[in-house]
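Coordinates in review
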Amino acid sequence: MSEELYKEMAQCIIDGDSDISAELARKSIELNMHPLDAITKGFVIGVNYIGDQFGKGEAFLPELVMAGEAMKAAVAVLEPELLKLGEAREMMG
């Protein structure tokens, strides 16, 4: 289940689709997925792929920028969840 979601997350970054990246980030929260997992196992994979393609000259600046925007949209959704987890950890400690 989550493997498929991670693939979709990576793909929306590669496609530079901010709407879908934010939607998938919200979906991951609904599924109680750890926000860091969503970022590192999903969205970052797409960012790394675009970075590699850019390095090889197979992707260009507009694609890189769009991937960055899609990543920002996903992180904007996940950040409050990360902060909640951080605060919960502090309260326990």
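Above this text sits the structure in question.
Anyway, here's the lowdown on the structure attached to this text. (Residues numbered from 1 in each chain as written. Predicted model: local features only at pLDDT ≥ 70, side-chain atom pairs only at ≥ 80, totals over all residues. Heavy atoms only, no water.)

A short note on helix H2 (residues 18–30)
If you check H2, its first and last C-alpha atoms are 18 Å apart, about what 13 residues at 1.5 Å a residue would give, namely 18 Å. Listed as buried for H2 are Ser 21, Ala 22, Leu 24, Ala 25 and Ser 28. Buried residues of H2, viewed axially, fall in a sector of 160 degrees; they line one side. Away from its buried face, by an angle of more than 90 degrees, H2 presents the exposed residues Asp 19 and Glu 30. Looking one or two residues past H2, Asn 32 carries a phi angle of roughly 55 degrees, positive in sign. (Helix = DSSP H or I, 4+ residues; strand = E, 2+ residues; numbered from the N terminus. Expected span 1.5 Å × (residues − 1). Buried < 20%, exposed > 50% of the residue type's maximum accessible area, 1.4 Å probe, protein only. Arc of directions from axis to C-beta.)

Topic: the nonpolar core
In summary, soluble globular proteins display a tendency toward joint burial of nonpolar side chains. Grouped together as the largest cluster of nonpolar side chains are 19 residues, with contacts concentrated most on Met 9, Ile 13 and Phe 43. Of all the secondary structure elements, the ones that give two or more residues to this core are helix H1 (2–15), H2, helix H3 (35–55) and helix H4 (61–92). Among the elements that take part in this core, H4 stands out by supplying six residues, more than any other. When residues no more than four places from it in sequence are discounted, the contact partners of Met 9 are Leu 24, Ser 28, Met 33, Ala 38, Gly 42 and Phe 43. (Core = buried A, V, L, I, M, F, W, Y, C linked by side-chain atoms within 4.5 Å. Contact = heavy atoms within 4.5 Å.)

Description of the side chain of Gln 53
Looking at the element boundaries, Gln 53 is found in helix H3. A relative accessible area of 11% means that Gln 53 is categorised as buried. Beyond its immediate stretch of four places on either side in the chain, Gln 53 contacts Glu 58 and Ala 59.

A word on the packing of H1 against H3
Orientation of H1 relative to H3, taken along the N-to-C sense of each, is 35 degrees, at an axis distance of 7 Å. Once H1 is placed against H3, the crossing between them reads as right-handed. Taking contact as the criterion, the partners of Tyr 6, Met 9, Ala 10, Cys 12, Ile 13 and Ile 14 in H1 are, on H3, Asp 37, Ala 38, Lys 41, Gly 42, Phe 43, Ile 45, Gly 46, Val 47, Tyr 49 and Ile 50. (Axes fitted to C-alpha atoms, helices over the stretch in contact; angles between N-to-C directions. Left-handed = near helix turned anticlockwise from the far one by under 90°.)

Digging into unusual backbone geometry
Among all residues save glycine, negative phi is the norm, and among peptide bonds the norm is trans. Of note, Asn 32 is a non-glycine position whose phi angle comes to about 55 degrees, a positive value. Along the chain, the position of Asn 32 falls in the loop between H2 and H3. Asn 32 sits in the exposed class, given a relative accessible area of 70%.

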